[in-house]
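Structural overview for review
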Amino acid sequence: MKNIKNYQLEELKQELSNLGEKPYRAEQIFHWIYTEKVKAFDDMTNLSLELREKLKQNYTICNFQILQKQESSDGTKKYLFDVLDGNAIETVLMQYHHGKTICVSSQIGCKMGCKFCASTGIAFIRNLTAGEIVEEILAVEQDIGEPVSNIVFMGIGEPFDNYDNVMKAIRIINHPKGLNIGARHISVSTSGIVPQIYQFANEGLPCTLSISLHATTDEKRSSMMPVNNLYSISELMQACKDYIAKTNKRISFEYALAKDNNDNLEDAKQLVKLLNGMLCHVNLIPINKIENGKYVKSTNENIIHFRDYLNDHGIVATIRRELGSDIDAACGQLRRKNLKQ
Ligand code: SAH
């Protein structure tokens, strides 16, 4: 059966007219799901009983079950959701000064193989559908009893390896009659899949694009991120420059600092050279330790030096606050689970 949360409003109008219904019914259904946040067709009380029956026969309302919920001492919450096919994924809720942010997963597992990331350690299973991504948000909002202000595609998976479903989910999240979260409050992070960066520049979606850079030479970046063997740093930078030229939007570069790997002054110098003159911002992430991972977090002193060097040389850089690391909810610590194992 088809998940009703998989449709953008215009698509749902088409679905309803295929069922012989008036298209405005789609707006009513959208309102029930995304504003009233109901979880059953029977709660859509301004629809006739007959239409509710028809909907039940043709669609499901995918409602995730919370299998586990952990809360960090800093208020971060990590949810393990049953995605209803024997798999489970993690979604994180973070509390910042400016509001609440949900970090969504885009795939069950990940193919990218980044050496420092736990999401990639176990096999890739499948893409999440747009409706499942949207449901991650609805399920968290339902649990906390209030809407959130920001969404980041920084959970399990590579969003640009599930491009169409992620774009569709963003449009549902962003739509005034959907979750109504402004595009400027939505960030998409990629490990650097170059063709999709060009494609994203043409979407007309003013979301924030984050690029996981982490190193400034092909040799080092390839040793950390196999995707660099497919798309080199110069190809990646070219795509970023094209994106900035087309959208006039600032790119956020993520750089996870690992001791004696990519955190010395020479790396900072190279990074300044690479990003010189670009409309961008650097997000420095103290690398989080993962099981069997060889990378160790840089010292606080090195992290601060690194940031100061960038700032002193014209590159705006901030250090990302570490949230949720005590419950393995921080960057790179999320994992999918198989419920049948
Ligand atoms: N696949 C996408 C989305 C993941 S976003 C991407 O690669 O961008 C998660 C961010 O956390 C990415 O920048 C990723 O490189 C970073 N990350 C992964 N493992 C990490 C770790 N152990 N410590 C700190 N950051 C990590």
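Residues numbered from 1 in each chain as written. Predicted model: local features only at pLDDT ≥ 70, side-chain atom pairs only at ≥ 80, totals over all residues. Heavy atoms only, no water.

**Focus: the overall build of the protein**
- Regarding its fold elements, the protein presents 11 helices and 15 strands.
- On C-alpha atoms alone, the protein measures out to a radius of gyration of 21 Å, which is about the 20 Å that the 2.2 N^0.38 rule sets for 341 residues.
- The burial tally for the protein puts 55% of its 341 residues in the buried class.
- Long-range contacts, defined as pairs at least 24 residues apart, comprise 66% of the intrachain contacts of the protein with a sequence gap of at least 6.
- Put simply, the protein shows about 14800 Å² of open surface, and 47% of that area lies on carbon and sulfur atoms. (Helix = DSSP H or I, 4+ residues; strand = E, 2+ residues; numbered from the N terminus. Rg over C-alpha atoms; globule rule 2.2 N^0.38 Å. Buried < 20%, exposed > 50% of the residue type's maximum accessible area, 1.4 Å probe, protein only. Contact = heavy atoms within 4.5 Å. Areas by Shrake-Rupley, 256 points an atom, 1.4 Å probe, with all protein chains shown as cover.)

**Details of the nonpolar core**
- Among the nonpolar cores identified, the biggest contains 104 residues, and Phe153, Phe253 and Val282 are the most heavily contacted of them.
- If one sorts the elements of this core by residue count, helix α4 (residues 130–144) sits on top with 8 residues.
- Counting contributing residues per domain, this core is built from domain 1 (2–60) and domain 2 (65–338), each supplying no fewer than three.
- Excluding anything up to four places from it in sequence, Phe253 contacts Ile211, Leu213, Met237, Cys240, Leu275, Met278, Cys280, His281, Val282 and Asn283. (Core = buried A, V, L, I, M, F, W, Y, C linked by side-chain atoms within 4.5 Å. Domains from an automatic or database assignment.)

**Some words on helix α5 (residues 163–174)**
- Between its first and last C-alpha, α5 extends 16 Å over 12 residues, near the 16 Å set by a 1.5 Å rise per residue.
- For α5, the full list of buried residues reads Tyr163, Val166, Met167, Ala169, Ile170, Ile172 and Ile173.
- Here the buried face of α5 lies against α2 (24–35), α4, β9 (150–153), β10 (186–190) and α6 (194–201). (Expected span 1.5 Å × (residues − 1).)

**Points about empty space enclosed by the protein**
- On inspection of all chains with the given rule, the structure shows 1 cavity of 30 Å³ or more.
- Taken as a whole, the largest cavity encloses approximately 90 Å³ of empty space.
- Ranked by residue count, the leading element in the lining of the largest cavity is α4, at 4 residues.
- When its residues are assigned to classes, the lining of the largest cavity shows 4 nonpolar, 2 polar and 4 charged. (1 Å grid on protein atoms, 1.4 Å probe; cavity = no way out; pocket = protein on both sides within 12 Å on 5 of 7 lines; lining within 4 Å. Points joined across faces, edges and corners; volume = space filled by probe spheres on them. Nonpolar A, V, L, I, M, F, W, Y, C, P; charged D, E, K, R; others polar.)

**Some points on α2**
- The end-to-end C-alpha distance of α2, which contains 12 residues, comes to 16 Å, matching closely the 16 Å that a straight helix rising 1.5 Å per residue would cover.
- Burial in α2 covers these residues: Arg25, Ala26, Gln28, Ile29, Phe30, Trp32, Ile33 and Tyr34.
- Against α1 (9–18), α3 (49–58), α4 and α5 lie the buried residues of α2.

**Digging into the domain arrangement of the protein**
- Under the domain assignment, the protein is made up of domain 1 (2–60) and domain 2 (65–338).
- One C-alpha centre belongs to domain 1, the other to domain 2; they are set 33 Å apart.
- Contact with domain 1, which involves 13 residues of that partner, is made by 17 residues of domain 2.
- Both faces combined, the contact of domain 1 with domain 2 buries some 1300 Å², and carbon together with sulfur accounts for 57% of it.
- Per-residue buried area on domain 1 facing domain 2 is highest for Lys5, Tyr34 and Lys37; these three make up 40% of the total on that side. (Buried area = accessible area lost by both parts, 1.4 Å probe.)

**Points about the state of the cysteines**
- Throughout the structure, instances matching the rule amount to 0 disulfides.
- Among the cysteines around Cys103, which has no disulfide bond, Cys331 carries the closest sulfur, lying 7.3 Å off.
- Judged by its relative accessible area of 8%, Cys103 is buried.
- Residue Cys280 stays outside any disulfide, its sulfur separated by 9.0 Å from that of Cys240, the closest cysteine.
- Among the residues examined, Cys280 registers a relative accessible area of 9% and is labelled buried. (Disulfide = S-S within 2.5 Å.)

**As for the site of the ligand**
- Neighbouring residues of the ligand: 18 residues in total, closest Phe116, Ser189, Ser212, His214 and Asn288.
- Gly157 places a polar main-chain atom, nitrogen or oxygen, 3.0 Å from a nitrogen atom of the ligand.
- Contact with the protein chains hides 95% of the accessible area of the ligand, taken as 530 Å² for the molecule alone.
- Partitioned by chemical class, the residues of the shell around the ligand number 7 nonpolar, 9 polar and 2 charged. (Near = heavy atom within 4 Å. Polar contact = N/O pair within 3.5 Å; in protein donor to acceptor, adjacent residues only side chain to side chain.)

**Comments concerning the packing of aromatic side chains**
- Evaluated as defined, the whole model comprises 9 aromatic pairs.
- Between Lys111 and the ring centre of Phe124, over which it is positioned, the NZ or CZ distance is 4.8 Å. (Phe/Tyr/Trp six-rings, centres within 6.5 Å; stacked < 30°, edge-to-face > 60°. Lys NZ or Arg CZ within 6 Å of the ring centre and 35° of its normal.)

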